[in-house]
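So the chains spell out like this:
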Amino acid sequence: MQVLIIIAATACAADRQSQRSTTWAAHFISAAERIEARARSVGMARLHDVRAEQAELRGWMETVSQEMALGGAEAQGPGHYALGCGERALGREAEALTHLEAAWNAGFRDPRVAWVRTQILSERYRALRLEAITAPDPDERKAREQDAESKYREPVLTLLRQAAGAEYPSTDYGAALVAMHEDRLDAALALLEGVNTKHPWFVEARLMRADVFLLRAAWHWKGNRRKETGEDMTAAFQALKDARTTAESFAPAHLGLARFEAAGMNLFHLNSGPVLLLSSGDDEESGPGKEGLAALDAAARVDPGHAGFACEKARFLTMLAERPNTYAAFLSLRRKAVETAQRILELEPASACGRMERTRVMVQETEAVLKESRVDFYKLQEALDLLEAVPPSGRDLAFHLLRARLLQLWTEADLQVGSWRVGSNGWKHQEQAIEAWRSAVAIEKRVAAYWVQLGELLLARASNPTAKDVDQDLEPADKAVWHAMGGGSTKAAEVWLLWAHTEVAHALRKRAQGETAPWRFEQAAHHLRNALLDGAHNPTLHHELGLVLLEHARETWEHGGDPTALLQQAEAAQAQAAKLAPSLDLSKFGQAAVHAARAEYAWWRGADPTEQAERADAFYSQARPFFKTHKNQQFAGRMKVSHILARHLLEQGRDPDPVLKRPWESLDIMERIGQDRVLRYLATGTMFSLRARHSARTDPEKAEKEFVEAEKSYEEALQVEPLNREVRLEEGQLFREWAVARNAAKQDPEPLLSKGLALADALLKERPNWPEALLLRAAILRTKDPGSAQARADRDAALKANANLAPGWARQFPEDGPLTP
């Protein structure tokens, strides 16, 4: 009997609990319906500020929260459902999903919960699909499409099955959702047509229909069906227009039109037509830019205090500013974007969007003036400070990409004021840019362009003459190439170019270590020719090919080979670059470098280098560089040519001073002051050294002063870069020539010969079997002791490694007679 009483009591308690659960469910479902109905009526009213009605909704939601606290466990699931509906009505989707998931997890598995979650996730799916189709980079587009499918496709289809039995305006709408998520766009559009006819007030169906039309338009566009593309874009625009007319105070309708215009401009910005025309965004012009901004302004009128709407407008403005039709339009867009970003921060002081869009404007401003006028470095610092203030929670992929773009721009701007060395501001900014791109690829590994940017920065750091551990950057650069290739599928020119740069970097590293890897130059040229298959009209690719061929020619010459054919190919590549872009300075530098190499090799052979040297100087003189690094490159090229001519004149017994002055005559006082110090000291050192050799023939006292000045200049250069091999080789040759002059003047040459020998020994320790360093040591030892066995051994080893140096040695020591390496 007692057992029966317990069972009965338990059953009664369970029954009462079930009744309470049912009661709370009915109550909160009613509250949710009341909230949704009120929100819909507000949205369908004439355009007005809805903040008063939103405050009313928040009051109802506060009541729901209080009732949940009183209702205990039974009230939690349905209560969270009601709050989720309220948050959705207020446009707070993340908060809505949190409540809806809490309702589901609390055991409230009503189909209505699944239905509301379905709508939110489906909207996210469509937004990500539209973001994907408008991404300019094919890898980024593919990644976004994969994300949309993996994150939302199956979850939405699962939720739709769980939502069976829920009351919603039309079963056709649910079927259309299924069709769209299964990528059956035609079927989805047919179903939505019926929904719009039967339920014209159901604005969500119109917005979905517009998105599906846009997705299908993108599909037609990819298939080169221009007529069908235009028809679908027009239909999408009309659906959005109808939605805005039906629900003037429903912000998503206005936002939908703005997003449509942005998507259309990104997808079709190279085309013209009544729908696809890209406007500058200037107030005086009509087009998608103006339509989109008007829609965003309408959304802001609906809820002036919504920071998210202001964020959408700021992003729209900065998107337009990426490609304005006129500079005036750019200034107008920039001003509006700044005002909007400031408005975001007024509404939401901690907003990541406000900081990022303000930063984006400053980046755009700097990019616009980078190659034409001085960069405002204070603005770059302000931009970086804005980004650094973004909290960790707001540092998503977009944040890291913008930060990487800013810091990489800063490294380019640093080149305006000259090259940098380890520890300088430019070096610091380059390191920061590398870390920023590493952060980006840590989040998104599938986009080759991100790996390309990272790889190029690593190679730039590795190529810096003051870098201490080159291999530390070459290894990750190799990995960047592998990731950019995507496992072997290489199509983008930038990927081929990175691969070529990596091969060259490895080849130059081998050269610096006294080894050789000509096959790497061959591979680099092969990669660039692959890039040219689809980029034949890209002058930069031809220029880069010419540089690779020129380095391959040098590698060939340095190992005793004939570089003639490679030089011809390099010249042809640079000529093609110049043909495609006649005003491009790089092609002039490229052509000049080819002629300078021919002049150098001709001089070593004992031929007259004048014609090739003069042609090289003419090409260098034609360039009009703006960046200081390019000005330094121009000066370095002219300096090299003048030294070749000067050496040739010295061998003829003529005064080299006129050609030595040439590179300096084109520089004003400010350019001389701001010149790279190592370059300036190397140039002055060699100039004084060559003058001294000429003076030594007739005026030993003057020659001594010039030799002293040459040494001072080289030492100044080595104060900046103690390990610079070119400077040390030149100084070693200076000491040998100075010693010869001292000996001829009956003075003690031994201290100078000891200095030169120490330099040669150090260079050979760093780069074993370097022919030029071996000949330097041989010449010094020969000057100390004409019968030196070590001198003969060094000479023979050098000429065996590079027979092209034999004529030069024979002119220096004619008593040796013809040499057979």
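Scoring rules and cut-offs
- Residues numbered from 1 in each chain as written.
- Predicted model: local features only at pLDDT ≥ 70, side-chain atom pairs only at ≥ 80, totals over all residues.
- Heavy atoms only, no water.
- Helix = DSSP H or I, 4+ residues; strand = E, 2+ residues; numbered from the N terminus.
- Rg over C-alpha atoms; globule rule 2.2 N^0.38 Å.
- Buried < 20%, exposed > 50% of the residue type's maximum accessible area, 1.4 Å probe, protein only.
- Contact = heavy atoms within 4.5 Å.
- Areas by Shrake-Rupley, 256 points an atom, 1.4 Å probe, with all protein chains shown as cover.
- Lys, Arg positive; Asp, Glu negative; His and termini not counted.
- Charge placed at Lys NZ, Arg CZ, Asp CG, Glu CD.
- Core = buried A, V, L, I, M, F, W, Y, C linked by side-chain atoms within 4.5 Å.
- Polar contact = N/O pair within 3.5 Å; in protein donor to acceptor, adjacent residues only side chain to side chain.
- Phe/Tyr/Trp six-rings, centres within 6.5 Å; stacked < 30°, edge-to-face > 60°.
- Axes fitted to C-alpha atoms, helices over the stretch in contact; angles between N-to-C directions.
- Parallel < 35°, antiparallel > 145°, perpendicular 65-115°, else oblique.
- Left-handed = near helix turned anticlockwise from the far one by under 90°.
- Nonpolar A, V, L, I, M, F, W, Y, C, P; charged D, E, K, R; others polar.
- Salt bridge = Lys/Arg side-chain N within 4 Å of Asp/Glu carboxyl O.
- pLDDT = per-residue confidence, 0-100.

A few points about the overall build of the protein chain
Okay, step 1: A tally of helices and strands in the protein chain yields 36 helices and zero strands.
Okay, step 2: The C-alpha radius of gyration computed for the protein chain amounts to 36 Å, which surpasses the reference 28 Å derived for 821 residues by more than 25%, pointing to a less compact arrangement than a globule.
Okay, step 3: Principal-axis analysis of the C-alpha atoms places the extent of the protein chain at approximately 130 × 70 × 45 Å.
Okay, step 4: Taken across its 821 residues, the protein chain has 52% of its residues classed as buried.
Okay, step 5: Within the protein chain, residue pairs in contact and separated by at least 24 positions form 65% of the contacts whose partners lie at least 6 positions apart.
Okay, step 6: Of the roughly 37400 Å² of accessible surface on the protein chain, a fraction of 53% belongs to carbon and sulfur atoms.
Okay, step 7: Charge-centre separation for the protein chain: the mean point of 105 positive side chains lies 1 Å from the mean point of 116 negative side chains.

Some words on the nonpolar core
Okay, step 1: The biggest cluster of nonpolar side chains holds 100 residues, and the ones touching the most others in it are Tyr81, Tyr173, Met208, Val212 and Phe316.
Okay, step 2: Formed by 94 residues, the second largest nonpolar core is a distinct cluster that contains Trp496, Ala592, Leu682 and Leu718.

A few points about the side chain of Asp794
Okay, step 1: Within the secondary structure, Asp794 is located in helix α35 (residues 789–801).
Okay, step 2: Within the local environment of Asp794, its side chain forms a polar contact with the side chain of Arg777, the two groups lying 2.7 Å apart.
Okay, step 3: Once residues within four sequence positions are removed from consideration, Asp794 is found in contact with Leu774, Arg777, Ala778 and Leu781.

A few points about helix α22 (residues 518–534)
Okay, step 1: For α22, the full list of buried residues reads Arg520, Phe521, Ala524, Ala525, His527, Leu528, Asn530, Ala531 and Leu532.
Okay, step 2: Contact partners of the buried residues in α22: α21 (493–512) and α23 (539–558).

Observations concerning the packing of aromatic side chains
Okay, step 1: The final tally for this structure, using the stated rule, is 16 aromatic pairs.
Okay, step 2: Their ring planes at 70 degrees and their centres at 5.2 Å tell us that Trp603 and Trp604 sit as a pair that is edge-to-face. Take Trp603 and Trp604: they sit in the same class, and that class is buried.
Okay, step 3: Taking 4.9 Å as the distance between ring centres and 70 degrees as the angle between the ring planes, the aromatic pair formed by Phe635 and Trp664 counts as edge-to-face. Of this pair, Phe635 sits in helix α27 (residues 628–651) while Trp664 is found in helix α28 (residues 657–665), placing the two residues 29 residues apart along the sequence.
Okay, step 4: Given a relative accessible area of 10%, Trp664 falls into the buried group.
Okay, step 5: Taken together, the ring pairs in this structure connect Trp115, Tyr173, Trp201 and Phe202 into an aromatic cluster.

Observations regarding the environment of His429
Okay, step 1: Tracing the backbone shows His429 in helix α18 (residues 425–443).
Okay, step 2: Residue His429 is classed as buried on the basis of its relative accessible area of 5%.
Okay, step 3: Sequence separation between His429 and Lys765 is 336 residues; the distance between their C-alpha atoms is 33 Å.
Okay, step 4: Setting aside chain neighbours within four positions, we find His429 in contact with Leu407, Trp410, Thr411 and Asp414.
Okay, step 5: One polar contact links His429 to Trp410, side chain to side chain, over a distance of 3.5 Å.

Points about the packing of α21 against α23
Okay, step 1: Remark: α21 packs on α23, axes separated minimally by 11 Å, with the N-to-C direction vectors making an angle of 20 degrees. One element, α21, and the other, α23, form an angle in the roughly parallel class. Once α21 is placed against α23, the crossing between them reads as left-handed. Every residue of α23 that contacts α21 at Ala493, Leu497, His501, Val504, Leu508 and Arg511 is listed here: Leu541, Glu544, Val548, Glu551, Arg554, Glu555 and Glu558.
Okay, step 2: Grouping the amino acids of the contact of α21 with α23 by side-chain chemistry returns six nonpolar, one polar and six charged.

Overview of the packing of helix α3 (residues 73–89) against helix α5 (residues 111–133)
Okay, step 1: Look at α3 against α5: their axes get within 10 Å of each other, and the N-to-C directions meet at 30 degrees. Taken as axis vectors, α3 and α5 run roughly parallel relative to one another. Seen along the crossing, α3 lies across α5 with a hand that is left-handed. Across from Tyr81, Cys85 and Arg88 in α3, the residues of α5 making contact are Arg112, Val113, Val116, Gln119, Ile120 and Glu123.
Okay, step 2: Considering only residue class, the contact of α3 with α5 consists of five nonpolar, one polar and three charged.

Concerning unusual backbone geometry
It is generally the case that most residues other than glycine have a negative phi and that most peptide bonds are trans.
Okay, step 1: The phi dihedral of Asn224 falls on the positive side, at around 65 degrees, and the residue is not glycine.
Okay, step 2: Within the secondary structure layout, Asn224 lies in the loop between α9 (203–222) and α10 (226–246).
Okay, step 3: At Asn769, a position not held by glycine, the phi torsion is positive, near 65 degrees.
Okay, step 4: Tracing the backbone shows Asn769 in the loop between α33 (750–766) and α34 (771–784).
Okay, step 5: Residue class for Asn769 comes out exposed when judged on its relative accessible area of 55%.

A short note on the environment of Arg129
Okay, step 1: Tracing the backbone shows Arg129 in helix α5.
Okay, step 2: In this structure Arg129 comes out as buried when scored by relative accessible area, which is 10%.
Okay, step 3: The spacing of Arg129 and Glu145 is 16 residues in sequence and 6.0 Å in space, taken between C-alpha atoms.
Okay, step 4: Aside from chain neighbours lying at most four places away, what touches Arg129 is Ala148, Glu149, Asp183 and Leu215.

A closer look at the side chain of Thr684
Okay, step 1: Examined against the element boundaries, Thr684 turns out to sit in helix α30 (residues 677–695).
Okay, step 2: You can call Thr684 buried: its relative accessible area is 15%.

Concerning the pattern of salt bridges
Okay, step 1: On inspection of all chains with the given rule, the structure shows 67 salt bridges.
Okay, step 2: Put simply, Arg343 and Glu346 hold a salt bridge, and the shortest N to O gap is 3.6 Å. Pair noted here: Arg343 and Glu346 are both in helix α14 (residues 327–347), with a separation of three residues, about one helical turn.
Okay, step 3: Judged by relative accessible area, Arg343 falls into the partly exposed class, the value being 34%.
Okay, step 4: Its salt-bridge partner being Arg693, residue Glu737 comes within 3.7 Å of it at the nearest N-O pair. Of this pair, Glu737 sits in helix α32 (residues 725–744) while Arg693 sits in helix α30, and the two are 44 residues apart along the sequence.
Okay, step 5: Looking at Arg693, the relative accessible area reads 25%, which means it is partly exposed.

Side note on the environment of Pro749
Okay, step 1: Looking at the secondary structure, you find Pro749 in the loop between α32 and α33.
Okay, step 2: Spatially, the C-alpha atoms of Pro749 and Ala96 are 88 Å apart, while their sequence positions differ by 653 residues.

Thoughts on the confidence of the model for the protein chain
Okay, step 1: Confidence along the protein chain averages 89 in pLDDT terms, with 93% of residues attaining 70 or more.
Okay, step 2: Low pLDDT, under 50, characterises residues 1–16; the stretch is placed with zero contacts to residues that sit more than four places away or in other chains.
Okay, step 3: Confidence drops under a pLDDT of 50 for residues 270–285, and excluding neighbours within four residues, the segment shows 38 contacts in the predicted structure.

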